[in-house]
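Analysis of the macromolecular model
Residues per chain, in single letters:
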Amino acid sequence: MSAAEASAVTRDLPEVDRVAASRAAVAARRARAAVKAEIASGARRPLDVLAAATAEPEGVEGRLRITDFLLAIPAIGRTKLGRILEELSISPAKRLGGLGRHQRVRLEEFLHQRAALGRHPVSKLLVIAGPTAVGKGTVVRHIRENYPQVQLSISATTREPRPGETHGVDYYFVDNAEFDSLIERGELLEYATVHGVHRYGTPRGPVREALSRGTSVILEIDIQGARQVKDAMPEAALVFLAPPSWEELVRRLTGRGTESAEEQARRLETARTELAAADEFDYQIVNGEVAEAAAEVVDLIQLRGVAAR
Ligand code: 5GP
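Named according to an unreviewed UniProt entry, the chain is Guanylate kinase originating from Mycetocola lacteus. Under the Catalytic activity (unreviewed entry) heading, UniProt states for the chain: "GMP + ATP = GDP + ADP". Recorded under Function (unreviewed entry), the UniProt text for the chain is reproduced unchanged: "Essential for recycling GMP and indirectly, cGMP."

Have a look at this one:
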């Protein structure tokens, strides 16, 4: 029954019944709030709530709005909510008990996947890699500016700073001799020559310190580096940032305008091999919208954090 229909019914009731109906409505709202609190605290699994809604569509769980249900699940926020509903083809006006069979199956599948994600070994170390020009730098900058609770590793590199880049913020810009000595002293967690030209490496100390403090750390590095980190620290989560399409990747690469034609061709060639490595990663996130991709990355850390509790 819609809210309008319900209020039409109560309007036609005698006064005594109207009071009773409104008390019942308040009690039902309270019961739904209690279910949401149980989901949020982890006391009840979302899959069990969905099962109860299916068994009794007019019961407390069945009358729960899909939007309230999903928002009660830890690490699902408003941005993510819209995307999930779109992916599942469920209207935000739906109640859990009113889902079509296919919608319910898709939602169950989604909840199962999420539950499986929570069972992964917990790591606070997240490595983001992906083909060149996919926008890793932009996503990482967005995380740095909007999620101060996450620490971003600052790499050392032998390449020259680009306009606007700052030593100690974007990179530690070092010469070849300094890079060699970082390697010799064992101060790099991983390092690689990227695009066949410059060397890049992750200083080990800050990562170790952050992890020992319990702070989440993100490494934005190339695929060779990601493999080395996984070998050294198997508990690290590898995230592959993928472009919406190959055409879009080419457009982003050529549109950046900071590299010569020769450099662009070389990067495109690297990107082709890098895309082929996607399957080696634990998670894939498509970088369509920067803010959304950044939120997904941070969600992933938080979700793993939730699993740790
Ligand atoms: P850019 O020169 O455009 O800043 O970065 C070029 C590439 O180097 C990017 O793909 C980036 O992920 C990678 N990179 C940056 N820092 C590191 C690092 O510490 N280690 C490795 N292996 N790659 C890195």
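1. Some words on the pairing of strand β8 (residues 237–242)
Within β8, six of the six residues are buried, leaving the element largely enclosed by the surrounding structure. Residues Ala-237, Val-239 and Leu-241 of β8 are buried on one face, and the alternating residues Leu-238, Phe-240 and Ala-242, pointing to the opposite face, are buried as well. One ladder, built from four bridges, connects strand β1 (residues 125–129) with β8; its direction is parallel. Opposite Leu-126, over in β8, you have Ala-237 as the bridge partner. The pairing of β8 with strand β9 (residues 283–286) spans four bridges and is classified as parallel. Of the residues in β9, the one forming a bridge with Ala-242 is Val-286.

2. A few points about the sheet that holds strand β2 (residues 150–152)
Pairing between the strands of a sheet is mediated by backbone hydrogen bonds and can be parallel or antiparallel. Strand order in the open sheet made by the five strands is β2-β7-β1-β8-β9, with parallel pairing throughout. Here the strands that pair on one side only, and so sit at the sheet edges, are β2 and β9. Neighbouring strand axes in the sheet, compared pairwise and without regard to direction, differ in orientation by 25° on average. By the bridge criterion, three bridges tie β2 to strand β7 (residues 216–220) in an arrangement that is parallel. Along β7, the bridge assignment pairs Gln-151 with Val-217.

3. A word on the packing of aromatic side chains
What the rule picks out here adds up to four aromatic pairs. Seen from their ring centres, Tyr-171 and Tyr-200 are 5.8 Å apart, and the 55° between their planes marks the pair as tilted. Taken as a pair, Tyr-171 in the loop between β3 (156–157) and β4 (172–173) and Tyr-200 in strand β6 (residues 198–203) lie far apart in primary sequence, 29 residues in all. For Tyr-200, a relative accessible area of 15% translates into the label buried. One aromatic cluster in this structure is built from Tyr-171, Phe-173 and Tyr-200.

4. A word on the environment of Ala-52
Looking at the secondary structure, you find Ala-52 in helix α3 (residues 46–55). Residue class for Ala-52 comes out partly exposed when judged on its relative accessible area of 22%. Sequence separation between Ala-52 and Tyr-147 is 95 residues, and the spatial gap between their C-alpha atoms is 36 Å. The contact partners of Ala-52, leaving out residues within four places of it in the chain, are Arg-44 and Glu-61.

5. Section: the packing of helix α11 (residues 246–255) against helix α12 (residues 261–275)
Between two packed helices, the angle of one axis relative to the other and the distance separating the axes together describe the packing. Relative to each other, α11 and α12 sit at 150°, their axes nearing to 11 Å. Put simply, α11 runs roughly antiparallel to α12. In this structure, α11 meets α12 at a crossing whose hand is right-handed. Along its contact with α11, which presents Trp-246, Leu-249, Val-250, Leu-253 and Thr-254, the element α12 presents Gln-264, Arg-267, Leu-268, Ala-271, Arg-272 and Leu-275. Looking at the contact of α11 with α12 residue by residue, the class counts come to seven nonpolar, two polar and two charged.

6. Considerations on the site of the ligand
Neighbouring the ligand are 16 residues, the closest being Ser-155, Arg-159, Tyr-171, Tyr-200 and Glu-220. Between an oxygen atom of the ligand and a side-chain N or O atom of Lys-136, the distance comes to 2.8 Å. The side chain of Asp-222 places a nitrogen or oxygen atom 2.7 Å from a nitrogen atom of the ligand. Protein contacts shield 94% of the accessible area of the ligand, which totals 510 Å² for the unbound molecule. Put simply, the parts of the chain that give the shell around the ligand at least two residues each are β5 (188–194) and β6. Of the residues that constitute the shell around the ligand, the class distribution is five nonpolar, four polar and seven charged.

Criteria and thresholds
- Residues numbered from 1 in each chain as written.
- Predicted model: local features only at pLDDT ≥ 70, side-chain atom pairs only at ≥ 80, totals over all residues.
- Heavy atoms only, no water.
- UniProt positions renumbered as here; feature names shortened; annotations may be inferred.
- Buried < 20%, exposed > 50% of the residue type's maximum accessible area, 1.4 Å probe, protein only.
- Helix = DSSP H or I, 4+ residues; strand = E, 2+ residues; numbered from the N terminus.
- Pairing = 2+ DSSP bridges.
- Axes fitted to C-alpha atoms, helices over the stretch in contact; angles between N-to-C directions.
- Phe/Tyr/Trp six-rings, centres within 6.5 Å; stacked < 30°, edge-to-face > 60°.
- Contact = heavy atoms within 4.5 Å.
- Parallel < 35°, antiparallel > 145°, perpendicular 65-115°, else oblique.
- Left-handed = near helix turned anticlockwise from the far one by under 90°.
- Nonpolar A, V, L, I, M, F, W, Y, C, P; charged D, E, K, R; others polar.
- Near = heavy atom within 4 Å.
- Polar contact = N/O pair within 3.5 Å; in protein donor to acceptor, adjacent residues only side chain to side chain.
- Areas by Shrake-Rupley, 256 points an atom, 1.4 Å probe, with all protein chains shown as cover.

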